[in-house]
Amino acid sequence: MSASNNISTPLQDDGSQDPSGPPLNEREQDVLQLIVQQFVETAGPVGSRTLVKRFGMDLSPASVRNTMSDLEDMGYLDHPYTSAGRVPTELGYRTFVDELMEMPELSDDEKQALRLQIQQLIQNDTDELLRESSRLLGRLTNLLGIALSPRLSSGVLERLDIVPLSSTRLMFVLSVRGGLVKTIVLEFEADVKRSTLDRLVSILNERLAGLTLEEIRNTHEERVRDIKDETGIVRLILDKSSLLFSESAEARVRYGGTQNILTQPEFQEPDEVRRLMEIIEDEGFIVEWIEDLFDAHPDNIGEALVRIGSENSSEEVEQYSLVLSPYQLGDTFGTLGVIGPTRMNYARVMALVEKMAEELNRPPQNGS
C-alpha cells in the first residue's frame, strides 16, 4: 500500500535532519496510511471498525485497535478524548507525506484545463497573472492560495522609462527581465522637453540596463552622477534611489480563496478565523516566512516543499501547513502554493501546486 516519495525531511535550525519516529512494520504503515486518508476526508476521529469496514481490511477490529494503540504510543496518532477514535499527529502526517503517500497524477484533462487557464492569464501583466493564479489554486484546493512575486532586487533591468504625467509629476517605469514591472510616481516641478527627456532616458539605460536592481541600488551614484543634466532628473534619481531601486514586502503577496478555506472545519470558530486573518494581513511576516524556507532549501526547484504544523518557524503558524513550489520569471524566482490546516490532501495539493508552478515558468531569454 505504501509508496516512497522524493520529498526531503525538513531541516532543523542547525541544518541537521529532524529526528524521525520509531520504525514501523508493514501493518503499522498500512493502518497509519488509512487513518490519514480517512481523517483528511472526514475531519473526524477514526475508529478501528470504520477502517475494517471502509477499506475491507483482512484484520479484526481488535487487531486494528491494538495497532492503533501502538501507533499512538510511538507518537504517530493521538485521540481528542477518551472514547474517541484516533487522529494523526504531526509526526503521522510527516511520515505519511515522506514515506506512505501515493503521489497522484493529474489527469490529462485536468492538465490541459490548467494549462489553458494559465495560458490565458499569461496574457495579463505579471501582477494580474499572480493574483488570478492564487485564486485558481485556492479554488482547486479549497485552501488559501498564495503567490509571492519574485524579488525585484534580483531581477535584471531591461529598460527604464520616464513618463511625464503632469507639470509636477513624473512616472518612472522599471521593466525587469521576465515580465516584471515596477512603477513609481515622483513629484518634479519642471517643464522638460520630450527630446531632452528621451536623450536622458537613453543615457540612463546605457548605464543601468543589464544590471540587477540590487547592483543599481549599490552603485547607482557612481554610474550616473557624471551625466550632464540641467533638468534635475538625475539629482531626483539620486535623492529617491531608495524608492526607485528597492521593493516593499507588502507589494509582493497575492492571496486567493479566502472564502474557500473558511469552509474547512478547522475555521468554524470566530477565534480561528480572526487568527488566520491577522496572519495573512501581516504580509511582511508572510514574505519572511516563505523566503526563509527556500533560503534553507535552495535545491527545491521543481518540486513542492511541505511544512507541517510546528515545523514552521513561528508559534503563530504552527497549526497550519504550507505546500509551496518555486516558479521562474526570467532570471528571478517567486513562490506559489497554499496555506491550510494540517489536515489536508497533501498528495493532491502537491500535484496541483507543482503543475501550476511549472505552467507559470518563463525561463531566461537567450543571451541573458
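What counts, and where the lines are drawn
Residues numbered from 1 in each chain as written. Predicted model: local features only at pLDDT ≥ 70, side-chain atom pairs only at ≥ 80, totals over all residues. Heavy atoms only, no water. Helix = DSSP H or I, 4+ residues; strand = E, 2+ residues; numbered from the N terminus. Buried < 20%, exposed > 50% of the residue type's maximum accessible area, 1.4 Å probe, protein only. Contact = heavy atoms within 4.5 Å. Areas by Shrake-Rupley, 256 points an atom, 1.4 Å probe, with all protein chains shown as cover. Core = buried A, V, L, I, M, F, W, Y, C linked by side-chain atoms within 4.5 Å. Phe/Tyr/Trp six-rings, centres within 6.5 Å; stacked < 30°, edge-to-face > 60°.

S.K.: I keep staring at the overall build of the protein and nothing clicks. Help me out?
M.R.: Along the protein, the regular secondary structure elements total 14 helices and 10 strands. Looking at the protein as a whole, 49% of its 368 residues are labelled buried. Sequence separation of at least 24 residues holds for 64% of the intrachain contacts in the protein that already meet a minimum separation of 6. Carbon and sulfur atoms make up 44% of the accessible area of the protein, which amounts to about 18,000 Å² in all.

S.K.: Is there a simple way to think about the nonpolar core in this case?
M.R.: Generally speaking, a soluble globular protein has its nonpolar side chains buried in company with each other. In terms of nonpolar packing, the biggest core is built from 83 residues, with Leu51, Phe172, Ile233, Val323 and Tyr346 touching the most fellow members. At 10 residues, helix 14 (residues 346-360) tops the list of elements feeding residues into this core. Contact partners of isoleucine 233, with chain neighbours within four places excluded, come to Ile162, Leu170, Phe172, Phe188, Val192, Leu197 and Leu200. Membership of the second largest hydrophobic core comes to 23 residues, among which are Phe267, Ile286, Trp289 and Ile339.

S.K.: Teacher, can you tell me more about the packing of aromatic side chains here?
M.R.: The geometry of an aromatic ring pair is captured by two quantities: the separation of the ring centres and the angle between the planes. According to the stated counting rule, one finds 3 aromatic pairs in the structure shown. A centroid spacing of 6.1 Å and a plane angle of 10° characterise the contact between phenylalanine 267 and tyrosine 320, whose relative ring orientation is stacked. Here the residue phenylalanine 267 occupies a position in the loop between helix 11 (258-261) and helix 12 (270-281), and tyrosine 320 occupies one in strand 9 (residues 320-329), the gap between them amounting to 53 residues. Across this residue pair, the class does not change: phenylalanine 267 and tyrosine 320 are buried.

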